[in-house]
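Summary of structural features
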Amino acid sequence: MLFDHIMIRFGEISTKGKNRRKFIDSLLKNIRDVLSEHDSLRYQGTRDRIYIKLHGENHELIAEKLSHVFGIQSYSLAVKAEKDISVMKDAALSAVKSIYRRGDTFKVSTRRADKTFPLDTNEINYQLGSHILVNTEELSVDLHKPDINLRVEVREDAVYFTAKDYKGAGGLPAGTSGKAMLLLSGGIDSPVAGYLSLKRGLEIEAVHFFSPPYTSEKAKQKVVDLTNELVKFGGKMVLHIVPFTEIQELIQKQIPENYTMTSTRRMMLKITDAIREKNGGLAIVTGESLGQVASQTTESMYAINGVTSTPVLRPLIAMDKLDIIEIAQKIGTHDISVQPFEDCCTIFTPAAPKTRPKKEKAERFESFVNFEDLIEKAVEKTETITIDKQSSKTQESFSQLF
Ligand code: ATP
Ligand code: MG
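Residues numbered from 1 in each chain as written. Chains lettered and ligands numbered in written order. Predicted model: local features only at pLDDT ≥ 70, side-chain atom pairs only at ≥ 80, totals over all residues. Heavy atoms only, no water.

A word on the packing of aromatic side chains
One pass over the full model with this rule turns up 7 aromatic pairs. Taken together, a centroid distance of 5.8 Å and an interplanar angle of 20° make the contact between Phe-70 and Phe-233 stacked. Taken together, the residues span a long stretch of sequence, with Phe-70 in the loop between helix H2 (59-66) and strand S4 (72-81) and Phe-233 in helix H6 (residues 217-234) at a distance of 163 residues. Like Phe-233, Phe-70 is buried. (Phe/Tyr/Trp six-rings, centres within 6.5 Å; stacked < 30°, edge-to-face > 60°. Helix = DSSP H or I, 4+ residues; strand = E, 2+ residues; numbered from the N terminus. Buried < 20%, exposed > 50% of the residue type's maximum accessible area, 1.4 Å probe, protein only.)

Below is the structure:
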């Protein structure tokens with residue numbers, strides 16, 4: 001017998017009280033987005049489960065796509081049957097038959113959500129277990145460490161049998177924690193910061209600064225490719241590309257060399273904040289990790305952060321580079337990030353940037369220069385693209401994940 005359903009269990013969202021409905025609706029929408037190519041699927045959301053009815057689709061492919069959806073704790077291939085013990089026996093037997101190998105052990109564990117069902121859990125376990133036992137060969141019972149745990153859920157509408165479980169991506173459904181702007185460079189860190197933010201339910205709009213002709217089209221394409229990788233976790237993503245050349249040239253000319261890096265970061269944050277305000281975001285996310293480079297000391301962050309009171313979230317702040325690289329490899333962004341195209345910041349990095357800049361000094365240096373007009377112009381000339389379709393190249397990498 002073919003599995004005819006996928007049963008999806010929620011993680012933390014079960015505990016979210018009044019917001020529960022909203023969470024489930026978002027999760028359902030995100031699942032539909034990810035599976036939009038399979039238009040014969042049917043969906044049903046209940047208080048604590050989402051069911052997807054299959055119509056002979058490749059359930060392994062669907063199961064794999066679901067592994068990227070945040071807010072799912074686990075999911076299982078399922079067989080749905082009528083609430084009648086003789087029908088249940090047949091369904092249980094065929095579910096086990098479709099997956100067991102000779103020599104396997106099994107057990108039946110029943111959960112009775114519908115307390116009006118006439119048989120109690122022990123009786124159901126016993127009747128189904130013995131039916132399976134007498135109708136199969138070389139299969140035995142092991143209640144402690146079985147190869148196959150046939151779970152039976154007796155619910156209001158029907159009985160569901162599940163035996164093959166998948167681990168979900170965890171976290172919260174994308175879009176349930178509001179919107180933030182992600183400062184996305186072409187490096188290893190910021191895509192990981194984006195991934196972790198999406199995992200906590202944030203909707204992300206990426207902001208990238210580029211400085212032609214100092215940075216090439218390839219550097220820009222790299223950021224598009226990175227965004228494309230992140231899309232599989234969030235459904236779709238907006239990418240703002242900010243022309244930054246004029247501001248960087250002005251900084252080089254007017255700001256003392258050891259403060260150019262600090263001022264560059266301050267201008268990036270200011271512009272991102274303006275883009276955030278225009279687009280209804282409530283926070284800014286960066287890929288900074290404490291002490292990694294000159295701009296990421298506490299003193300630097302204090303001086304840079306001085307341009308805004310908007311929360312700046314740094315999901316990687318306490319992480320080691322090796323741990324960040326491991327996540328980057330897992331989510332498929334690492335190999336794109338290590339391509340050798342220069343980033344606007346790398347090119348203008350001074351030989352000896354101040355590792356302990358003073359906010360007041362940066363403010364004083366900047367007060368002699370008219371940045372405001374250029375900032376306004378950069379925001380105005382920002383190119384915005386929406387990425388919502390996986391390219392065939394990134395589609396391929398699905399299968400290598402997790
Ligand atoms: P990453 O690997 O994300 O580039 P990094 O370790 O190289 O980080 P920096 O280059 O100092 O560190 O950048 C710190 C953070 O500033 C980045 O994680 C990113 O959030 C932001 N950032 C740097 N360059 C750019 C850029 N060109 N466009 C947008 N954001 C940027
Ligand atoms: Mg970088």
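Remarks on the sheet that holds strand S14 (residues 383-387)
Reading across the sheet, the 6 strands line up as S13-S12-S9-S10-S11-S14 and stay open at both edges, with mixed pairing between neighbours. In the strand order of this sheet, the two ends are held by strand S13 (312-313) and S14, each with one partner. Two strands pair when backbone bridges link them, and strand S12 (residues 283-285) and S13 are joined in this way by 2 bridges, in the parallel orientation. By the bridge assignment for S13, Ile-284 is matched with Val-312. Across the sheet, helix H5 (residues 189-199) touches strand S9 (179-183), strand S10 (203-210), strand S11 (237-243) and S12, and the angle it forms with S9 is around 165°. Across the face of the sheet, H6 comes into contact with S9, S10, S11 and S14 while running at roughly 160° to S11. (Pairing = 2+ DSSP bridges. Contact = heavy atoms within 4.5 Å. Axes fitted to C-alpha atoms, helices over the stretch in contact; angles between N-to-C directions.)

Re unusual backbone geometry
Residue Pro-213 is bonded to the preceding Pro-212 through a cis peptide linkage, with omega at 0°. Positionally, Pro-213 belongs in the loop between S10 and H6. A positive phi is found at Glu-138, a non-glycine position, where the angle reads about 50°. Locating Glu-138 in the fold gives a position in the loop between helix H4 (121-134) and strand S6 (140-141).

Structural notes on the packing of helix H7 (residues 245-254) against helix H8 (residues 260-279)
Following both chains from N to C, one finds H7 and H8 inclined at 150°, their axes separated by 10 Å at the closest point. Considering their axes alone, H7 and H8 lie roughly antiparallel with respect to each other. Seen from above, H7 lies across H8 with right-handed handedness. On the side of H7, the interface is formed by Ile-247, Gln-248, Ile-251 and Gln-252, while H8 contributes Thr-260, Ser-263, Thr-264, Met-267 and Ile-271. Of the residues in the contact of H7 with H8, the class split is 4 nonpolar, 5 polar and no charged. (Parallel < 35°, antiparallel > 145°, perpendicular 65-115°, else oblique. Left-handed = near helix turned anticlockwise from the far one by under 90°. Nonpolar A, V, L, I, M, F, W, Y, C, P; charged D, E, K, R; others polar.)

Observations regarding the pairing of strand S7 (residues 148-154)
Looking along a regular strand, one sees side chains alternate from face to face of the sheet. In terms of burial, S7 is a largely internal element, 5 of the 7 residues being buried. In terms of strand pairing, strand S5 (residues 105-112) meets S7 through 7 bridges, oriented parallel. Bridge pairing in S7 places Lys-107 opposite Asn-149. Taken together, the 4 bridges between S7 and strand S8 (residues 159-170) define a ladder with antiparallel strand orientation. Counterpart to Val-154 in the pairing with S8 is Val-159. Hairpin connection of S7 to S8: 4 residues between the antiparallel strands.

Details of the pattern of salt bridges
Tallied over the full model, the rule gives 24 salt bridges. Taking the shortest distance from any N to any O, the salt bridge between Asp-273 and Arg-276 comes out at 2.7 Å. One end of the pair is Asp-273 and the other is Arg-276, both in helix H8 and 3 residues apart, which spans about a single turn. Each member of the pair, Asp-273 as well as Arg-276, is classed as buried. Connected through shared salt-bridge partners, Asp-48, Arg-49, Arg-111, Glu-153 and Arg-155 make up one network. (Salt bridge = Lys/Arg side-chain N within 4 Å of Asp/Glu carboxyl O.)

Observations regarding the nonpolar core
In terms of nonpolar packing, the biggest core is built from 46 residues, with Ile-31, Leu-66 and Phe-161 touching the most fellow members. A per-element tally of this core places helix H3 (residues 85-99) first, with 6 residues. Leave out the neighbours within four places in its chain, and Ile-31 touches Ile-8, Tyr-43, Ile-50, Ile-52, Leu-66, Val-69 and Ile-72. Val-224, Ile-324, Ile-327 and Ala-328 belong to the second largest nonpolar core, which has 30 residues in total. (Core = buried A, V, L, I, M, F, W, Y, C linked by side-chain atoms within 4.5 Å.)

What to know about empty space enclosed by the protein
Using the criterion set out here, one finds 1 cavity of 30 Å³ or more in the structure. Together, Asn-30, Asp-33, Val-34, His-68, Val-69, Phe-70, Ala-174, Lys-232, Phe-233, Gly-234 and Gly-235 line the largest cavity. Of the residues that constitute the lining of the largest cavity, the class distribution is 5 nonpolar, 4 polar and 2 charged. Two domains each donate at least three residues to the lining of the largest cavity, and these are domain 1 (5-167) and domain 2 (179-400). (1 Å grid on protein atoms, 1.4 Å probe; cavity = no way out; pocket = protein on both sides within 12 Å on 5 of 7 lines; lining within 4 Å. Points joined across faces, edges and corners; volume = space filled by probe spheres on them. Domains from an automatic or database assignment.)

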